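# Residue-level structure breakdown
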Amino acid sequence: MAEIAQGDRRAFRMLVERHVGRAQGLAYRVLGNRSDAEELVQEAFLRVWTVAPRWRLDGGASFRTWFSRVVVNLCIDRKRRRRTEPLEAAGDPVDPAPPADRLVAESEETATVAAAVAELPERQRIALSLCYWQGLSNAEAAETMELSVGAIESLLVRARRTLKDKLGPALGPDKTENGTPGAER
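Residues numbered from 1 in each chain as written. Predicted model: local features only at pLDDT ≥ 70, side-chain atom pairs only at ≥ 80, totals over all residues. Heavy atoms only, no water.

### Looking at the packing of helix 2 (residues 9-31) against helix 3 (residues 34-51)
Rule in force here: Axis geometry follows a simple rule: fit a line to the C-alpha atoms, using only the stretch in contact for helices, then measure angles between N-to-C directions, giving values from 0 to 180 degrees. To qualify as a helix, a DSSP run of H or I must reach at least 4 residues; to qualify as a strand, a run of E must reach at least 2; elements of each kind are numbered from the N terminus. Here roughly perpendicular refers to angles of 65 to 115 degrees, roughly parallel to angles under 35, roughly antiparallel to angles over 145, and oblique to all remaining angles. By the definition used in this description, the sense in which the near helix is turned from the far one sets the handedness, with an anticlockwise turn below a right angle giving left-handed and a clockwise turn giving right-handed. Any two residues whose heavy atoms approach within 4.5 Å at even a single point are treated as in contact. For this classification, the nonpolar set comprises Ala, Val, Leu, Ile, Met, Phe, Trp, Tyr, Cys and Pro, the charged set comprises Asp, Glu, Lys and Arg, and every other residue, Gly included, is treated as polar.
As a packed pair, helix 2 and helix 3 sit with axes 8 Å apart at the nearest point and diverge in direction by 140 degrees. The pairing of helix 2 with helix 3 is recorded here as oblique in orientation. Considering the relative orientation of helix 2 and helix 3, their crossing is right-handed. Side by side, helix 2 and helix 3 meet where Arg9, Phe12, Leu15, Val16, His19, Val20, Ala23, Gln24, Ala27, Tyr28 and Leu31 of the first sit next to Arg34, Asp36, Ala37, Glu38, Leu40, Val41, Phe45, Val48 and Trp49 of the second. Among the residues forming the contact of helix 2 with helix 3, the class breakdown is 14 nonpolar, two polar and four charged.

As structure tokens, then:
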């Protein structure tokens, strides 16, 4: 180990040749997989190379005992780690975004509604905007437009009826009842 600590590759090669067979046998018996055992023993010898400068013979353990403990500890760590599955076994991740055809349909639907709203008389458009998109109550919208609550409700009824007539065929009956400004409030 003292020679290895000085960077002597020949001494390291001799140490590997002397201990690799027993180490691989030990690792194989613990892991049950030859390729994992070989990989683990390589890692153990890498530790030998990096620890050599700090190695002390007066530490009590012989190299063989210490190295066996390193191999066993690496085996235990390897077994504790979850086995990784091949990438193919994971499958394709689920895309949380809606399908493209649905996005296109919704975009077209939004454009159709926006065009129909744009054709409404100005006061109906303002009443719809205040109540449906700004979230104001009818009373707040009436105050904003300086109208009575009844007048706002009348504007909303006429706007919804016009939109239902224009959009009904384009959106279908389920959309004009519950999901668009054509719905009753």
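### What about the packing of aromatic side chains?
Formally: Only Phe, Tyr and Trp rings take part, Trp by its six-membered ring, and two of them pair if their centres are within 6.5 Å. Stacked means planes under 30 degrees apart, edge-to-face means over 60, and tilted covers everything else. Only protein chains enter the area calculation, which uses a 1.4 Å probe; residues under 20% of their type maximum are buried, those over 50% are exposed, and those in between are partly exposed.
Counted according to the given criterion, the structure contains three aromatic pairs. Note on Phe12 and Phe45: the rings are 6.3 Å apart at their centroids and 90 degrees apart in plane angle, and the pair reads as edge-to-face. Here the residue Phe12 occupies a position in helix 2, and Phe45 occupies one in helix 3, the gap between them amounting to 33 residues. Judged by centre distance (5.1 Å) and plane angle (75 degrees), the rings of Phe12 and Trp49 are edge-to-face. Of the two residues, Phe12 is situated in helix 2 and Trp49 in helix 3; the sequence distance between them amounts to 37 residues. For Trp49, a relative accessible area of 29% puts it in the partly exposed group. Counting every residue linked through ring pairs, the aromatic cluster contains Phe12, Phe45, Trp49 and Phe67.

No statement about biological role is implied by the geometric values presented.
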